[in-house]
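Residue-level structural notes
Single-letter residue listing:
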Amino acid sequence: MRFVRMIAALSVAAACIHAAASAAPQSGRRPRPASPQVVDNSQTLDINNISMFVTNTGSFAYDKGTGNSGLEFPKGTGKTAVFAAGLWIGGKVLGVTRMAVSEYSDEFTPGAALGGVAADPDRADFKVYKLNRTYTLTADRDAALADYEAGAEVWGAPNVSVLPDGSLDILGDQMAWAVYNDFDPTAHTNRAGTTAPLGIEIKQTSFAFNRQGALGNVVFLKYNIINRGTNNLTNMFVSQWSDPDLGGAADDLVASDTTLDLGYVYNATNNDEQYGGQPPAVGYDFFLGPTVGGTPLGLSSFNKYINGTDPNTAEKSYNYMQGLNADGSPVINPVTGLVTKYQVSGDPVTGNGWLDTNPADRRLMLSSGPFTLAPGDSQEVVCAIIVGQSKNRLASISLMKFYDTFAQSAFNADFDLPSPPLSPTVTATPLDGGVRLSWETNAESYNAAPYNFEGYVVYQGASIAGPFTRLATYDLANGITTVLDPDFNEDQGLILPQGKAFGQDAGLRYSIELDEDAVRGGPLANAQRYYYTVNAYGVGLGQFPQVLESANNVITVIPQTPPAGVDIASAGVVGFTQSQRTPGPDPSTDVVVIDVVDPLVAIDANWVLGFKPACASCDSLVWYLVRTVGAAVDTVINNATNFGGGDTNPIINGIRPSVLSFPLGELANIAYVDTAGGSPAALGGAAGRGLHFFDGAGDYGANYPGSSMPAGGSYHTCMIRFGPPGQLAYQYIRGDVGDLYTAFVPIPFTAWDLELNQQINVAFRESDGAEDGTWNPTSASNGGAEPVWLLGSAYTGVEDPAYSLAPMNDMLSAEVDLRYHIYPRLTSASAVADPGDKVMFSASTPSTTNDYFTFSTEAADRMNTSLAQQEMTRIKAVPNPYFTHSSYETSQFNRELKFTHLPASCTLRIYNLAGDLVRTLQKNDATSQLTWNLETNRGLPVGSGIYVFHVDAPGIGSHVGKVAVFMEKERLNNF
């Protein structure tokens, strides 16, 4: 069965707009007549790489408000691939041709037509309705859905409801709906039509998917065409008409592919005025044509003409629909000499068949028919616009056709497609010579079995539309690493397996700090724009495809210093407290750390970190984090399962919480506790030991270097308490065969097993070459090499031969009960362990729902006047001098000179050397930069010369500087 498909073109509109559209009308592009109806030109489908206007009068890919190109591709670049497109319908009423045309002016008017009468087109509910599948805010979703239910569903729009996951069950990831009709005879004024009305109503559903690959480059249009009149409509055709204007309008060629029911536009050379050497190709396809006798019709004709030869009567338009020339004569294929209804049906990639020549400002029309529509009957037609952009104009055709076949498969599956994970919510913080990206965990709620969430990928783009370079992949440690999927190979023009996921099995992370330009090489430069996206991906092994990745959500970042006067060091965590809901004997030994990772985005807030059961019948716990700002209380982390500490948790408002917990009875921490109120933390850990506790210098006896003791078992909480009184300890010195016992000597502390309430034995080793019978660590990095061992036996004050007769190497072989050890050092040469101070060896008591931790965060002081005054001297203009252009400029049409290191609020005035005020710029934002477009206050370009700039920052001060500007390539000696 053949399916007929059609696609509304995509591209990006900027400078190269068809001149005739906005200026005086030419024969091929005519001004829109005055119309009483409310034409809604406010909505675009913009969920993927395409941004395309849709209306309630049959027009699409055309900005009716400005008369400019209406399909931007890639979205956000300002480049446009289609100027205008629209629905044309023609047929016969008692043998007389009737047309309804949507060209530059539309013969459709907004609204439904019931009982043979059109409703008032000025009704506000006949607008274009737009819905997204997901919304960031529930209130936004509910408001959009309520408006749709009240104004669209009552006129026959598809029913939409909220799914259990909170998303809307719409077609695609974004959907627009409108209803319109051709009943108004006064609207039939387009010279391609100008007939009596057909009496039809159109319900149009436009939709697109937010995906990588094929579906990220397609917009679908579904028409429900209903005969609301009393006439029997015969020999009907439905057409997708377009004035593509692919980048530059004058170098377009078109073609048709009858094997795909496809018509398309491509560039004549690899030198387009908008797209340069990589012009895309835009395809229009009927996925479902009118159904006759139970069989959908395919593409029945493809026609082309150039600007200035547009059909100026309904008969010429109808002839084109039938696959004839405008005068009704048959079309002859010049290669075969045979009659055909498909113009330029050759293959430009291979160079075979009838190819378009003499590039010009083309129009194209795809038609399907004939069919009959009796009063009350309806037909459903599904079309699409597909855009492919590859390394050159011909590769773009091949890629577009690959996307077309993929989109056809999606249609054949009734668009019942598994969705990729949501794009994570990303925060980008500009740094001095760098950028920090952090993202939330919202993508991890992904549930689209058999696909499961797998990880995150960080990319840098060469522009806002790419191409994108992969910087890092953070994925679950589950054995899934590199995953292949079939994809279009641009070099070979074939469908080949290609890597789509590149996991490292190293675990998830939620932030990355970058200071290198992965696209151009070298360090990131202040004041330069960079483009990043963080995507989430899911994997379904054995599926087609195996990898589903969220669409690019590109963020533009400009590295820079903070505004003058911002005191980063003032942001921090205060008031950290561990508490129990019901006081009990066993508070948690879990270690909660709150790192201020991004002080520039820290806020004033209060926080609670608590614990709850993983499920109603679970013994295991998860933790959560609640934020309170004023009266607003939000759970910002929920059901967290990471109890391993570290830096792998998400960053929220600039802070990253972590929880370190150990199973009950295991060693959880070794820490110095100042209880005497004297010098805190007199002892720390010696450097370079590589252990797990006490600054990396304390651990189980089994983890002592060289030990063969078995690990595991249940360990008690123990304590060293500094005296007096102290106790006697077993002293060892290093020997040839191990650490040799020398004496039972006094030490300045006692050791206790707190769970048994029992004093225990201690051993220590003397420093090499300084054996004086005294335990006396130093402030050297190795602490004087005097480690301490806590033993498992009870202290009696009497020397025990089990220790005095055993060298330490025997102790390490588990012949004696070595329990814990530390390598201490004095934190300073004058540090003193005061009586009552402790070193605690804490066995784990994991948190329960009874435990919680509270703390507050403080935002950075953004107006430190003295700091701002110091930094005002750093203000400068860049580049200086400015020679005809700067690296900050994104196109030949804009100019950018920047002022850096500015305070948040200031006024910058620019003067010429005669003292005349040239430009005044106001700044009041959170950046440290301001851009001058090299224009005067009157919007005129400045001339070459030396300019003086004056920065006035109220309450801070002022600064004066100079900048040289060369607007043309002038030699300095001619300046």
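Structure: see above.
Residues numbered from 1 in each chain as written. Predicted model: local features only at pLDDT ≥ 70, side-chain atom pairs only at ≥ 80, totals over all residues. Heavy atoms only, no water.

With that settled, consider the overall build of the protein. Scanning the protein from terminus to terminus reveals 7 helices and 62 strands. Overall, the protein is about 120 × 75 × 55 Å in size when its C-alpha atoms are taken along their principal axes. Of all 975 residues assigned to the protein, the portion counted as buried reaches 53%. Nonlocal contacts in the protein, meaning residues at least 24 apart in sequence, comprise 69% of its contacts between residues at least 6 apart. As presented, the protein carries roughly 39,100 Å² of accessible surface, and 51% of it is formed by carbon and sulfur atoms. The positive charge centre, built from 57 side chains, and the negative charge centre, built from 97, are 11 Å apart in the protein. (Helix = DSSP H or I, 4+ residues; strand = E, 2+ residues; numbered from the N terminus. Buried < 20%, exposed > 50% of the residue type's maximum accessible area, 1.4 Å probe, protein only. Contact = heavy atoms within 4.5 Å. Areas by Shrake-Rupley, 256 points an atom, 1.4 Å probe, with all protein chains shown as cover. Lys, Arg positive; Asp, Glu negative; His and termini not counted. Charge placed at Lys NZ, Arg CZ, Asp CG, Glu CD.)

Cis geometry marks the peptide bond from P724 to P725, where omega comes out at -5°. Looking at the element boundaries, P725 is found in strand β47 (residues 718-734). Following N880, the chain continues into P881 via a peptide bond in cis, with omega recorded as 10°. Tracing the sequence through the fold places P881 in the loop between β55 (876-878) and β56 (882-883). Backbone geometry places N358, a non-glycine residue, at a positive phi of 50°. Note on placement: N358 falls in the loop between β25 (339-340) and β26 (362-373). Even without glycine at this site, T884 takes up a positive phi of about 60°. Looking at where T884 falls in the secondary structure, it is placed in the loop between β56 and β57 (897-900).

Put simply, the second largest pocket is a space of about 580 Å³. The wall of the second largest pocket is formed by 19 residues, among which T441, E444, I637, N638 and P650 lie closest to the centre. For the lining of the second largest pocket, the leading source of residues is strand β42 (residues 632-640), giving 6 residues. Residue composition of the lining of the second largest pocket, by class: 8 nonpolar, 9 polar and 2 charged. (1 Å grid on protein atoms, 1.4 Å probe; cavity = no way out; pocket = protein on both sides within 12 Å on 5 of 7 lines; lining within 4 Å. Points joined across faces, edges and corners; volume = space filled by probe spheres on them. Nonpolar A, V, L, I, M, F, W, Y, C, P; charged D, E, K, R; others polar.)

Following the sequence through the fold, R141 ends up in helix α2 (residues 138-151). Within polar-contact distance, the side chain of R141 engages the side chain of D142 at 2.8 Å. Residues within four places of R141 in sequence aside, it is in contact with Y135, V162, G166 and L168. (Polar contact = N/O pair within 3.5 Å; in protein donor to acceptor, adjacent residues only side chain to side chain.)

For the rest of this paragraph, the subject is helix α4 (residues 393-412). Within an α-helix, residues lying three or four positions from one another point in the same direction, as the helix has 3.6 residues per turn. In this model, α4 (20 residues) spans 29 Å end to end at C-alpha, consistent with the 28 Å of a helix rising 1.5 Å per residue. The distance from a side-chain oxygen at the start of α4 to the backbone nitrogen of L394 is 3.1 Å, and the residue carrying that oxygen is N392. Just downstream of α4, D414 is the residue with a positive phi angle, here 60°. (Expected span 1.5 Å × (residues − 1).)

Each strand in a sheet pairs with another by means of backbone hydrogen bonds, the pair being arranged parallel or else antiparallel. Spatial strand order, β38-β54-β40-β41-β42: 5 strands in an open sheet with antiparallel pairing. At either margin of the open sheet sits one strand with a lone partner, and together these are β38 (572-580) and β42. The average undirected angle you get between the axes of adjacent strands in this sheet is 20°. In this structure, strand β40 (residues 605-613) lies alongside strand β54 (residues 851-858), joined through 6 bridges in antiparallel fashion. Its bridge partner lying in β54, N606 is registered against S856. (Pairing = 2+ DSSP bridges. Axes fitted to C-alpha atoms, helices over the stretch in contact; angles between N-to-C directions.)

Among the nonpolar cores identified, the biggest contains 53 residues, and M52, L71, I89, I202, Y223 and V282 are the most heavily contacted of them. One finds W177, F220, Y264 and Y266 within the second-largest nonpolar core, a separate group that totals 44 residues. (Core = buried A, V, L, I, M, F, W, Y, C linked by side-chain atoms within 4.5 Å.)

Turning our attention to the side chain of D590. Within the secondary structure, D590 sits in the loop between β38 and β39 (591-596). One buried charged residue, D590, forms no salt bridge at all, with the nearest opposite charge on R581 at 12 Å. Here the side chain of D590 touches S661 through a polar contact of 2.7 Å, side chain to side chain. Sequence-distant contacts of D590, that is, excluding residues within four places in its chain, are made with F611, V659, L660, S661, F662, T845, P846, S847 and F853. (Salt bridge = Lys/Arg side-chain N within 4 Å of Asp/Glu carboxyl O.)

This model, assessed by the stated rule, comprises 23 salt bridges. The closest approach of N and O atoms between D310 and R363, which form a salt bridge, is 3.4 Å. Of the two residues, D310 is situated in the loop between β23 (301-306) and α3 (314-321) and R363 in strand β26; the sequence distance between them amounts to 53 residues. With respect to class, D310 is no different from R363; both count as buried. Here R520 ties to D517 by a salt bridge, and the two come within 3.4 Å at their closest N and O atoms. Under the relative-accessibility criterion, R520 is labelled exposed at 51%. In the salt-bridge network here, residues are joined through shared partners; they are D243, D310, D361 and R363.

In this approach, a probe sized like a water molecule rolls over the atoms, and the result shows the empty space that is left. All chains considered together, the criterion is met by 1 cavity of 30 Å³ or more. Of the pockets and cavities examined, the largest cavity occupies roughly 30 Å³. Forming the boundary of the largest cavity are V54, T55, V128, A176, W177, A178, Q204 and S206. Only β14 (174-181) and β15 (200-208) provide two or more residues apiece to the lining of the largest cavity.

So, about the packing of aromatic side chains. Under the counting rule described, the total for this entry stands at 45 aromatic pairs. With centroids separated by 4.9 Å and ring planes inclined at 75°, the aromatic side chains of F220 and F415 adopt a geometry described as edge-to-face. Of the two residues, F220 sits in strand β16 (residues 218-227) while F415 sits in the loop between α4 and β28 (426-431), which places them 195 residues apart along the sequence. Of the two residues examined, F220 and F415, each falls in the buried class. Residues Y305 and Y320 carry aromatic rings whose centres are separated by 5.3 Å and whose planes lie at 10° to one another, so their mutual orientation is stacked. Remark: Y320 occurs in helix α3 and Y305 occurs in strand β23; sequence separation between them is 15 residues. Under the relative-accessibility criterion, Y305 is labelled buried at 4%. (Phe/Tyr/Trp six-rings, centres within 6.5 Å; stacked < 30°, edge-to-face > 60°.)

In terms of residue burial, strand β20 (residues 281-288) counts as a mostly covered element, since 8 of its 8 residues are buried. In the sheet, strand β19 (residues 262-267) pairs with β20 via 4 bridges, with the strands oriented antiparallel. Counterpart to V265 in the pairing with β20 is V282.

This next bit is on the environment of D590. On the accessibility criterion, D590 (5% relative accessible area) is buried. Polar contacts involving the side chain of D590 include one to the side chain of S847, which spans 2.7 Å.

None of the figures reported here should be taken as evidence of function without further support.
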